[in-house]
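Observations on chain architecture
Chain by chain, the residues run as shown.
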Amino acid sequence: MNYLNELLFGLYPYVAGTIFLAGALLRFDHGQYTWKTGSSQMLSKRQMRLASNLFHIGILVIFFGHLVGLLTPHWVYAPFISAGAKQVTAIIVGGIAGVMCLVGGAMLLHRRLTQPRVRATSSRADIVILALLVAQVSLGLLTIIPALGHLDGGAMLSLAEWAQAIVFFKGGAAEHLAEMGLIYKLHILLGLTIVLVFPFTRLVHVWSAPLGYVGRRYQIVRRRA
C-alpha cells in the first residue's frame, strides 16, 4: 500500500508534469495549426454565452485559488489568518466558483453532445477533456463534505505540504497524503491526469491568453457610406 501511495502521489506527479511541459513545447513547435481553441460559437450560440462565462470565470477562480492556496507556505499567512479560517474561506469561495464551473461545464458538454453541428466538428478529445473537467470539479465539490467535518485546517495543510514538496522537490511528498481520505486522493489523481493529457487537447490555448489585447491601441472601424 505504501508503494502504491508513493507511485501515485510521489512519482506520477512528475510523470504528468514532464509530459505536460514537453508535450506542450513539442506541439507548439510542430503543430502550430492545431494550437487553437476550436471555438464552435459560430455554429450555435444557444446557451453559449451563459455557459462559457460561468465555466471560465469559475475555473479561473478555482485555478488561482488552488495555485495560491497550495503553494503559499503556512508561515506567510499565519500572522494574518489561521489555517481554520483559511479553510473556511476556501470552502466558501471554492464552493461558489465550483458550482459556477460545474453548471457552465455541464451546459457546454450537453451542447457539444446534443447539437448536431457542434457535435460534427468536435473531436473525441474535445468531448473527453470537457467530461474530465466536469468530473474533476464535481469531485472538488464533494471534498467540501469531509472538509466541513474538520475545520481546523489540518487536511488543507497536509495538501499544501504535499503540493509544495512536489513543486519544490523536497522529497517525501507522498507521506503527506498517507492518511488522507479517498475523495481527496481521487480529486488529486484526476487533476494530475488532466495535466497529463493537457498537451493533446484544446487546453493548450491557455498558454496563448490574449494579454496583449488589454494594452493594444484602439482600432478605428468606419461604416461603409
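Rules used in this analysis
- Residues numbered from 1 in each chain as written.
- Predicted model: local features only at pLDDT ≥ 70, side-chain atom pairs only at ≥ 80, totals over all residues.
- Heavy atoms only, no water.
- Helix = DSSP H or I, 4+ residues; strand = E, 2+ residues; numbered from the N terminus.
- Salt bridge = Lys/Arg side-chain N within 4 Å of Asp/Glu carboxyl O.
- Buried < 20%, exposed > 50% of the residue type's maximum accessible area, 1.4 Å probe, protein only.
- Phe/Tyr/Trp six-rings, centres within 6.5 Å; stacked < 30°, edge-to-face > 60°.
- Core = buried A, V, L, I, M, F, W, Y, C linked by side-chain atoms within 4.5 Å.
- Contact = heavy atoms within 4.5 Å.
- UniProt positions renumbered as here; feature names shortened; annotations may be inferred.
- pLDDT = per-residue confidence, 0-100.
- Axes fitted to C-alpha atoms, helices over the stretch in contact; angles between N-to-C directions.
- Parallel < 35°, antiparallel > 145°, perpendicular 65-115°, else oblique.
- Left-handed = near helix turned anticlockwise from the far one by under 90°.
- Nonpolar A, V, L, I, M, F, W, Y, C, P; charged D, E, K, R; others polar.

**Quick notes on unusual backbone geometry**
Its identity as a non-glycine residue notwithstanding, Phe169 has a phi of 55 degrees, on the positive side. Topologically, Phe169 is positioned in the loop between helix H8 (154-167) and helix H9 (182-197).

**Overview of the pattern of salt bridges**
Counting across every chain of the model gives one salt bridge. Of the charged contacts in the structure, one is a salt bridge between Arg202 and Asp126, with a shortest N-O distance of 3.0 Å. Residue Arg202 is located in the loop between H9 and helix H10 (212-215), and its partner Asp126 is located in helix H6 (residues 124-142); the two are separated by 76 residues in the primary sequence. For Arg202, a relative accessible area of 18% puts it in the buried group.

**Concerning the packing of aromatic side chains**
Under the counting rule described, the total for this entry stands at five aromatic pairs. Ring centres 5.6 Å apart and planes at 15 degrees place the aromatic pair Tyr14 and Phe169 in the stacked group. Of the two residues, Tyr14 sits in helix H1 (residues 2-30) while Phe169 sits in the loop between H8 and H9, which places them 155 residues apart along the sequence. Judged by relative accessible area, which is 29%, Tyr14 ranks as partly exposed. By relative accessible area, which is 65% here, Phe169 ends up exposed. Seen in terms of ring centroids, Phe63 and Phe64 are 5.1 Å apart; in terms of plane orientation they differ by 80 degrees. Their pairing is edge-to-face. Relative accessible area serves as the criterion here: at 46%, Phe63 is assigned to the partly exposed category.

**Some remarks on the nonpolar core**
Counting 22 residues, the largest nonpolar core has Phe9, Leu159, Trp162, Leu177, Met180, Tyr184 and Ile188 as the members making the most contacts within it. Mapped by element, the contributors of at least two residues to this core are H1, helix H7 (144-147), H8 and H9. The element best represented in this core is H8, accounting for six residues. When near neighbours in sequence (up to four residues on either side) are disregarded, Leu159 contacts Leu70, Leu177, Met180, Tyr184 and Ile188. In terms of nonpolar packing, the next biggest core, distinct from the first, is built from 18 residues, Met48, Ala51, Leu109 and Leu203 among them.

**Focus: the UniProt feature "transmembrane region" (unreviewed entry) in the chain**
Per the UniProt annotation, the sites labelled "transmembrane region" (unreviewed entry) are residues 12-29, 50-76, 88-109, 129-149 and 188-214. Counting secondary structure, residues 12-29 comes out at 100% helix and 0% strand; the distance between its end C-alpha atoms is 26 Å. In the segment residues 50-76, helix accounts for 93% and strand for 0%; the C-alpha atoms at its two ends are 38 Å apart.

**Focus: the confidence of the model for the chain**
Per-residue confidence for the chain averages 89 on the pLDDT scale, and 95% of its residues sit at or above 70. Confidence, read as mean pLDDT per element, is least for H10 in the chain (74) and greatest for H9 (96).

**Examining the packing of H6 against H9**
For the pair H6 and H9, the least separation of the axes is 9 Å and the interaxial angle reads 155 degrees. It follows from the interaxial angle that H6 and H9 lie roughly antiparallel. Taken as a pair, H6 and H9 cross one another with a handedness that is left-handed. Contacts between H6 and H9 involve Ile129, Leu132, Leu133, Ala135, Gln136, Leu139, Gly140 and Leu142 on the former and, on the latter, Ile183, Leu186, His187, Leu190, Gly191, Ile194 and Val197. Among the residues forming the contact of H6 with H9, the class breakdown is eleven nonpolar, four polar and no charged.

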